[in-house]
Amino acid sequence: MKVFGVVGWKNSGKTGLTERLVAHFTTQGLVVSTVKNSHHGADVDHPGTDSFRHRQAGAREVVLASSARTAMMHELRGDAKPSLSNILTRMGPCDLVLVEGFKTENHPKIEAHRAETGSDLIAPGNDTVRAVASDEPLPGLDRPLFDLNDTAGIAGFILDALGMGGRSAPTQAAPKLKDDCFALPPGVSWTPVDDALAMLRGSLSPVVGTETLPVARALHRILATDHIAARSNPPGANAAVDGYGFAFDSLPKGDAILPLVAGRSAAGSPFPGAVPAGHAVRILTGALVPMGVDTVVMQEDVTLRDEHVGFAAGIKKGANTRKAGEDVEAGQPALPAGHKMRAPDLALLSALGLGQVTVHTRLRVGVLSTGDEIVPPGSSDNPAHTFDANRPQLLALAASWGYQPVDLGHVSDDRDALRDALNAATDTADVILTSGGASAGEEDHVSALLSEEGQLTSWRIAIKPGRPLALALWNGVPIFGLPGNPVAALVCSLIFARPSLSVLAGGGWLTPQGFDLPATFAKSKRPGRREYLRARMTSDGRVERFRSEGSGLISGLSWADGLVELPDGALELNDGDPVRFYPYASFGI
């Protein structure tokens, strides 16, 4: 159990700093408890009290100590106030105890300092105060100085001072998948799409570790822990409009004429005092509501004359104000583990005082092309050669999904070369996507090598285009053996690889969002396989398919803006019948 203190004069900001530190440390996976020194009798756990704020921020245990009693409600009955060391012996195990107050006790501390409150602790020889967190410069200070609102910087200093420097930003490796994770149930040969998805969902787990990043660098990263608000949003009650603020209960019956106090409250520059009952103050949008004010009237609804403001009766109490924490309160969950960060999420966590996030390390997706016939685009005029279309397609998919694409190049149909490539890939990739060689033919070297020297399960999935999907582990690294046909490779990647990669990356299982649209075509479908047609929406809200279902026509992938899904069973589809359409955007591309 490590101990660190926060001290300062009344209204210096020490409770707010303690509250933010608790939330910050708990989001990093630390178990934190607090001890609060009280000079007034223990302020029991009511909303708004310091102890309540500590607990809401995430503290496991909160102890208050005063000259009258110790809470957890241990009545002293004239006995001496317990020392900090005595209190600590009563507390349960945790990683860190943050102590608010107890400024004369011999434990390391940081002092909270505001310009208007001053300090009597910043003095040479007072070695227990290791640093100061201030809202103003303090020239000549003989110890580190932090901005009072720099929660992350202060937290890092505390952990370093306690020898816990790595604890708030652990980079942890994840366990490997089980060797039999891709095994099919006994007797299963042909696998329906939904069954294949269910088996993948049940067998996969994250294969990446964790790290801590600044929020600004967390776009597309997956949260590794629940993240808790370090500060309320809004942090204080404020005005929603430009206007004039006053106490509602001081209004006369009927129309009101109130004298204006000198000064105003503006965003970033609050009114310094309290507004007397029966008076009003000029207030601007976003400004903190001064003491003595609970209601704001819009400036468009008033008349001004001789330093008085007048307005008609009928305004409601609390009008045009925002309550502190009405969006999110400090200590409340902000975003859950597994959430993939988007631009609005960066705004949310920043507004809640979280300068850093704990995320999974970026999933490294290796892409390997195989086959003697595959050559780089534009490198040959030989019609027996096929330009490599899969590798750029799969690398682009990995990047668009927020992962780190790793180009593993191309390997010919040579067993030794393929083995060497896979061995090298396991050092640079967390998961490998191969294209080609996934079937069971004599030239399908990927499946043959994985069967002989890895853990291979060849899934014959009832899907068109597609069908062969080789799932394997090589030195503990999962491999998805995709079909060599680019159309089938894309369809299998969208349907099977995308949700699987999300789980491997620490996120949730992804299900695309589709919707029903009337078809512009007719089709007769036999039972047995689920089919995916290249398709796009028309200007009148219908869906048309590509001119041919031939899986060799790669232009249809570019022509389309989504896929039409036809069910497993037989189907007689007529022009105008509804079909399920999945836009590319629902697959993250």
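The rules behind each value
Residues numbered from 1 in each chain as written. Predicted model: local features only at pLDDT ≥ 70, side-chain atom pairs only at ≥ 80, totals over all residues. Heavy atoms only, no water. Helix = DSSP H or I, 4+ residues; strand = E, 2+ residues; numbered from the N terminus. Buried < 20%, exposed > 50% of the residue type's maximum accessible area, 1.4 Å probe, protein only. Core = buried A, V, L, I, M, F, W, Y, C linked by side-chain atoms within 4.5 Å. Contact = heavy atoms within 4.5 Å. Salt bridge = Lys/Arg side-chain N within 4 Å of Asp/Glu carboxyl O.

## Topic: unusual backbone geometry
Alright, step 1. With an omega dihedral of -5°, the bond running from N233 to P234 counts as a cis peptide bond.
Alright, step 2. Following the sequence through the fold, P234 ends up in the loop between β12 (227–228) and β13 (238–239).
Alright, step 3. Omega for the peptide link from K464 to P465 comes to -5°, which places this bond in the cis form.
Alright, step 4. Relative to the assigned elements, P465 resides in the loop between β29 (463–464) and β30 (468–474).
Alright, step 5. For F102, which is not glycine, the phi dihedral falls at a positive 55°.
Alright, step 6. Locating F102 in the fold gives a position in the loop between β6 (96–100) and β7 (109–113).
Alright, step 7. The class for F102 is buried, based on a relative accessible area of 6%.
Alright, step 8. The residue H220 is not glycine, and still its phi comes out positive at about 70°.
Alright, step 9. On the secondary structure map, H220 appears in the loop between β11 (210–214) and β12.

## Quick word on the nonpolar core
One recurring pattern in soluble globular proteins: nonpolar side chains tend to sit buried together.
Alright, step 1. Among the nonpolar cores identified, the biggest contains 49 residues, and L200, L363, F496 and L504 are the most heavily contacted of them.
Alright, step 2. Mapped by element, the contributors of at least two residues to this core are α5 (193–203), β23 (364–370), α7 (390–400), β27 (431–435), β28 (455–461), β30, β31 (477–482) and α10 (486–504).
Alright, step 3. Examining the composition of this core, we find that 10 residues originate from one element, α10, more than from any other.
Alright, step 4. Residues within four places of F496 in sequence aside, it is in contact with V193, A196, L197, L200, I461, I463 and L469.

## Considering the side chain of T426
Alright, step 1. Of note, T426 is situated in the loop between α8 (415–425) and β27.
Alright, step 2. Using a relative accessible area of 16% as the deciding quantity, one classes T426 as buried.
Alright, step 3. Ignoring anything within four residues of it in the chain, the contact list for T426 reads W474, N475 and V477.

## Quick look at the pattern of salt bridges
Alright, step 1. Following the criterion strictly, the structure yields 20 salt bridges and no others.
Alright, step 2. Between R580 and D516 there is a salt bridge, with the nearest N and O atoms lying 2.9 Å from each other. Linking R580 in strand β38 (residues 578–583) with D516 in strand β32 (residues 515–518), this pair joins segments that are 64 residues apart in sequence.
Alright, step 3. Put simply, R542 and D575 hold a salt bridge, and the shortest N to O gap is 3.3 Å. Within this pair, whereas R542 is found in the loop between β34 (530–537) and β35 (543–545), its partner D575 is found in the loop between β37 (571–573) and β38, the two being separated by 33 residues in sequence.
Alright, step 4. Using a relative accessible area of 25% as the deciding quantity, one classes R542 as partly exposed.
Alright, step 5. The network of salt bridges with common partners includes D194, R530, E565 and D568.

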